[in-house]
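For reference, the chains in residue letters:
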Amino acid sequence: MVVGWKKGMRVKPTFLAFLAVLFALSATPSRAAEPVKNTYYYMVFSNPVPGTEAEYADWYQNRHQYDVAAVPGIVSVQRFVASDVQLRNGAKPKQKYVVIYKVVTDDLATVMKEVNRRATSGETYVCPCFDRNTAGGGIYKASGAPSFHTGAGNAQGDTYLHIVFNNAKPGTDDAFRVWYPGRHVPDMVAIPGFVRGQFSVLDEGTNRRKENKKYMSLFTVVTNDIGKVAAAFHNAPKMKMDASFDPEAVEGYTYKAMEPEISSDGIRAMRAAAKGK
């Protein structure tokens, strides 16, 4: 029965159409909300076994990074080498190389299970030239939106990553997680040459290294003169540091991109096409 209707009253066609749509919508099963996909940075720092630099370079460049990046859930890969110029005075990277796999997923455990399965089965070949004794790394979850330098889209030159690891002072994590991405990252990105900054948090579920710091920030620098950026970094106006910041726990290392970021979709498409031949 239509509310307000009286015998003999004519119902307009437009109203009937409205009712039809309303009833159809009420009869349609509601869709469950799609799981939220998070962004992670899977980082592997490594060195070649002494005397195997050429073999290591060929294996990583032409095989290994493609094998790992082909795993579903991984969206891109990029390799970096330690920069001759470090933005932090006295910084000495323990590993010469770092590869960063960007992962976008609602199920990190499944992605990493497949990464490990392929490595264990030999589907992903791990060269003896890879020095396991000095390797490091971890997986960090992006927290909040990245910060950008005004006019960053026009930046030209070589790409560098300044990778900063931190722990907050005991009992101050809540304050640190507000201050660092909300104040400190924008302050850093305002330095000439810096174009982007992203704060992230260690994924405890996948972490196997006690030495890993809880927080990591990736600062992208684009420049033809990293020395000039280093000077700007050291001469920048003094930044306001929060009481949660622990100067004894901070580490920062600068790496230079060896190649552009490679899309995993392209890798998977290329391999699928090769299988179809």
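Analysis parameters
Residues numbered from 1 in each chain as written. Predicted model: local features only at pLDDT ≥ 70, side-chain atom pairs only at ≥ 80, totals over all residues. Heavy atoms only, no water. Disulfide = S-S within 2.5 Å. Buried < 20%, exposed > 50% of the residue type's maximum accessible area, 1.4 Å probe, protein only. Helix = DSSP H or I, 4+ residues; strand = E, 2+ residues; numbered from the N terminus. Contact = heavy atoms within 4.5 Å. Salt bridge = Lys/Arg side-chain N within 4 Å of Asp/Glu carboxyl O. Pairing = 2+ DSSP bridges. Core = buried A, V, L, I, M, F, W, Y, C linked by side-chain atoms within 4.5 Å. Axes fitted to C-alpha atoms, helices over the stretch in contact; angles between N-to-C directions. Parallel < 35°, antiparallel > 145°, perpendicular 65-115°, else oblique. Nonpolar A, V, L, I, M, F, W, Y, C, P; charged D, E, K, R; others polar.

Enquirer: Please give an account of the state of the cysteines that cites residues and values.
Expert: Linking two cysteines covalently via their sulfur atoms produces the bond known as a disulfide. What the rule picks out here adds up to one disulfide. Between Cys127 and Cys129 runs a disulfide, and the two sulfur atoms are separated by 2.4 Å. One disulfide, between Cys127 and Cys129, carries an S-S torsion of 135° and so falls in the right-handed class. According to the relative accessible area criterion, Cys127 is buried, its value standing at 4%.

Enquirer: Tell me what's going on with the environment of Val195, and back it up with residues and numbers.
Expert: Among the structural elements, Val195 can be located in strand S7 (residues 194–202). Separated by 25 residues in the primary sequence, Val195 and Thr220 have C-alpha atoms spaced 5.7 Å apart. The contacts of Val195, once residues within four sequence positions are left out, are Ser147, Phe148, His149, Ala152, Ala155, Val189, Thr220 and Val222.

Enquirer: Got a sec to walk through the pattern of salt bridges? Specific residues and values, please.
Expert: Following the criterion strictly, the structure yields 14 salt bridges and no others. Connected through shared salt-bridge partners, Glu114, Arg117, Arg118 and Glu123 make up one network.

Enquirer: Pulling in residues and values, what's your account of the pairing of strand S4 (residues 136–142)?
Expert: Regular strands show a simple pattern: their side chains alternate between the two faces of the sheet. For S4, the buried fraction is high: five of the seven residues fall into the buried class. Pairing analysis gives six bridges linking strand S1 (residues 38–46) to S4, with the strands arranged antiparallel. Bridge pairing in S4 places Tyr42 opposite Ile139. Bridge analysis of S4 against S7 gives three bridges, and the strand direction is antiparallel. Each bridged residue has a counterpart across the sheet, and for Lys141 the counterpart in S7 is Val201.

Enquirer: Can you break down the environment of Ile100 residue by residue, with the values?
Expert: With respect to the helices, strands and loops of the structure, Ile100 is situated in strand S3 (residues 97–105). For Ile100, a relative accessible area of 8% corresponds to the buried category. For the pair Ile100 and Phe45, spaced 55 residues apart in sequence, the C-alpha separation works out to 8.8 Å. Among residues more than four places away in sequence, those in contact with Ile100 are Tyr41, Tyr42, Met43, Ser76, Val77, Gln78, Phe80, Leu161 and Leu218.

Enquirer: For the nonpolar core, give the residues involved together with the corresponding values.
Expert: Counting 28 residues, the largest nonpolar core has Tyr42, Tyr60, Ile74 and Tyr101 as its most contacted members. Contributing elements (two or more residues each) for this core: S1, helix H2 (53–69), strand S2 (74–82), S3 and helix H3 (108–121). Here this core takes five residues from H2, the largest share from any one element.

Enquirer: Could you give an account of the packing of H2 against helix H6 (residues 264–276), with specific residues and numbers?
Expert: Two elements in contact, H2 and H6, have axes separated by 9 Å at closest approach and are oriented at 100°. One finds that H2 runs roughly perpendicular with respect to H6. Of the residues in H6, those touching H2 at Arg63, Tyr66, Asp67 and Ala69 are Ser264, Ile267, Arg268 and Arg271. Taken together, the residues of the contact of H2 with H6 break down into three nonpolar, one polar and four charged.

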